[in-house]
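# What the coordinates show
The lines below spell out each chain.
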Amino acid sequence: MRLSVLDQVPISQDSSPEEAIDNTIKLAKITEDLGFTRYWVAEHHNTNGLASSSPEILMTRLASETASIRIGSGGVLLPQYAPLKVAENFRMLEVMYPNRIDLGLGRSPGGSNETRLALTDHIQKSMSLFPRQLEELYGFLYDELPKDHPFFTVKASPRTKTNPPIWVLGLSERGATNAANIGAGFTYGHFINPTKGKESIAAYKDKFKPNKNFQEPQVTVCIFVICAETEEKSEELALSQDLWLLRVEKGIGTRVPSVEEAKSKTYTKEEQVIIDRNRKRCIVGTPESVKKQLEEIQVSYDCDEFMIITNIYSFEEKVNSYQLLAKTLFN
């Protein structure tokens with residue numbers, strides 16, 4: 001089983017974006033030393049709780065601070081951008097850090113309708129264009145646009161010897177099909193929707209079309225994980241993420257609260273239902289318990305790699321969670 005990291009660069013309560021970015025750089029170095037395969041950073045806009053608004057820029061810093069771990073986006077919100085510009089950004093990264101860059105793409109609007117319009121400079125772009133954008137992006141990266149394409153003579157620069165592989169993040173068979181059609185890797189977002197993984201991954205593998213991107217299907221599964229030495233400790237740490245997810249869903253605050261704040265909160269029945277539902281997106285427990293649950297999902301989903309996301313208040317406890325996972329799963 002391979003383990004990787006998805007980092008949304010969450011900002012803890014009473015902290016700052018600068019500290020969150022600094023912690024991301026530290027965590028990338030730590031997880032590289034631990035033997036993790038990839039380190040991907042997300043893209044979010046118009047939020048005061050997540051600091052990763054420009055994955056391409058953050059990736060440059062992370063790649064410069066590490067030596068071997070693959071650095072990627074999880075993911076660039078392609079519907080808001082021009083495929084040519086995305087291709088050139090990632091070719092530039094590939095020139096600087098050859099064979100270490102992953103181009104992860106998402107179909108999300110990136111926030112509210114106003115936020116999306118600000119990103120597209122007032123242009124109304126249909127989300128249904130995503131499959132066409134994927135094909136154009138592949139064409140620009142690998143110089144394979146059809147001769148009758150209006151941009152056939154446009155070549156993405158710089159002209160690299162290698163290209164970053166494309167990955168598509170998805171939550172359903174639609175996302176799986178989009179990935180399969182262009183020979184991309186598929187990252188299933190269990191941490192968002194834990195109910196469609198088995199059929200989505202099966203559909204991806206069934207429909208996969210090999211090309212210069214990948215010759216064989218490549219699957220990762222992204223999941224929230226909180227690991228500690230005891231069940232009691234892991235459950236205590238999870239209170240922070242429980243309240244954070246609840247507030248994100250309600251849109252009433254997105255900085256990660258402390259365990260103490262979460263303990264002092266009294267939840268309504270409706271809020272407790274949401275928390276219980278969100279726990280299906282997570283694995284919480286001791287190293288042995290987490291390993292067992294990951295292995296069960298691995299068998300169910302037929303996957304070989306997990307991207308671990310841990311959004312808790314304490315950076316030190318977050319690091320400890322990744323260290324415990326590596327010690328248990330890599331030894």
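The structure reproduced in this document is the subject of the present report. (Residues numbered from 1 in each chain as written. Predicted model: local features only at pLDDT ≥ 70, side-chain atom pairs only at ≥ 80, totals over all residues. Heavy atoms only, no water.)

## Remarks on the overall build of the protein
From N to C terminus, the protein includes 12 helices and 10 strands. The C-alpha atoms of the protein give a radius of gyration of 19 Å, which matches the 20 Å a tight globule of 331 residues would have. Seen along its three principal axes, the alpha-carbon backbone of the protein occupies a region of about 65 × 45 × 40 Å. Taking all 331 residues of the protein together, 54% fall into the buried category. Restricting the contact set of the protein to residue pairs at least 6 apart, pairs at least 24 apart contribute 73%. (Helix = DSSP H or I, 4+ residues; strand = E, 2+ residues; numbered from the N terminus. Rg over C-alpha atoms; globule rule 2.2 N^0.38 Å. Buried < 20%, exposed > 50% of the residue type's maximum accessible area, 1.4 Å probe, protein only. Contact = heavy atoms within 4.5 Å.)

## Looking at helix α1 (residues 17–34)
Note: α-helices contain 3.6 residues per turn, so residues at a spacing of three or four share the same orientation. Here α1 contains 18 residues, and its C-alpha end-to-end distance of 25 Å stays within 8% of the 26 Å for a straight helix at 1.5 Å per residue. Those residues of α1 that fall on the buried side of the exposure criterion are A20, N23, T24, I25, L27, A28, T31 and E32. Next to the buried residues of α1 lie β1 (2–7), β2 (38–41), α2 (55–65) and α12 (315–329). (Expected span 1.5 Å × (residues − 1).)

## Quick word on a nonpolar patch on the surface
The grouping of M92, V95 and M96 at the surface amounts to a nonpolar patch, some 270 Å² of accessible area in total. Relative to the elements of secondary structure, V95 occurs in helix α3 (residues 83–96). Note on V95: relative accessible area 45%, which makes it partly exposed. (Patch = residues over 30% accessible without salt bridge, like charges linked within 9 Å, V, L, I, M, F, W, Y side chains within 5 Å. Areas by Shrake-Rupley, 256 points an atom, 1.4 Å probe, with all protein chains shown as cover. Salt bridge = Lys/Arg side-chain N within 4 Å of Asp/Glu carboxyl O.)

## Considering helix α7 (residues 197–207)
Those residues of α7 lying buried are G197, S200, I201, A203 and Y204. Down the axis of α7, the buried side of the element spans an arc of 160°, and every buried residue falls inside it. Exposed and facing more than 90 degrees away from the buried side of α7 are K198 and D206. If you follow the buried residues of α7, they end up packed against α6 (173–181), β7 (185–189), β8 (219–227) and α11 (287–301). (Arc of directions from axis to C-beta.)

## Things to note about the environment of C282
Mapping C282 onto the fold places it in strand β9 (residues 282–285). Considering only alpha carbons, one finds C282 and S321, 39 residues apart in sequence, at a separation of 13 Å.

## Some words on the side chain of S258
Within the fold, S258 resides in the loop between α8 (231–250) and α9 (259–264). Looking at S258, the relative accessible area reads 13%, which means it is buried. Polar contacts involving the side chain of S258 include one to the main-chain amide nitrogen of E261, which spans 3.0 Å. Sequence-distant contacts of S258, that is, excluding residues within four places in its chain, are made with S240 and Y313. (Polar contact = N/O pair within 3.5 Å; in protein donor to acceptor, adjacent residues only side chain to side chain.)

## Thoughts on the packing of aromatic side chains
Counted according to the given criterion, the structure contains 10 aromatic pairs. Put simply, the rings of F186, Y188, Y204, F208 and Y301 pair up and form one aromatic cluster. For the cation-ring pair, K155 lies above F152, with the distance from its terminal atom to the ring centre recorded as 4.8 Å. (Phe/Tyr/Trp six-rings, centres within 6.5 Å; stacked < 30°, edge-to-face > 60°. Lys NZ or Arg CZ within 6 Å of the ring centre and 35° of its normal.)

## Topic: the pairing of β1
In regular strands, side chains alternate between the two faces of the sheet. Of all the 6 residues making up β1, 5 are buried; the element is thus mostly covered by neighbouring parts of the structure. Note that β1 and strand β10 (residues 305–309) share 4 bridges and pair parallel. What sits directly across from R2, in β10, is E305. Sheet analysis places β1 next to β2, joined by 3 bridges and oriented parallel. Each residue of the ladder has a partner; that of V5, found in β2, is Y39. Viewed along the sheet, the connection from β1 through α1 into β2 turns out right-handed. (Pairing = 2+ DSSP bridges. Right-handed = clockwise from strand over helix to strand, strands pointing away.)

## Section: the side chain of N213
Position of N213 relative to the elements: it lies in the loop between α7 and β8. By relative accessible area, which is 8% here, N213 ends up buried. From its side chain, N213 meets the backbone oxygen of G183 in a polar contact 3.0 Å long. Among residues more than four places away in sequence, those in contact with N213 are Y138, Y142, P164, P165, I166, I182, G183, A184 and G185.

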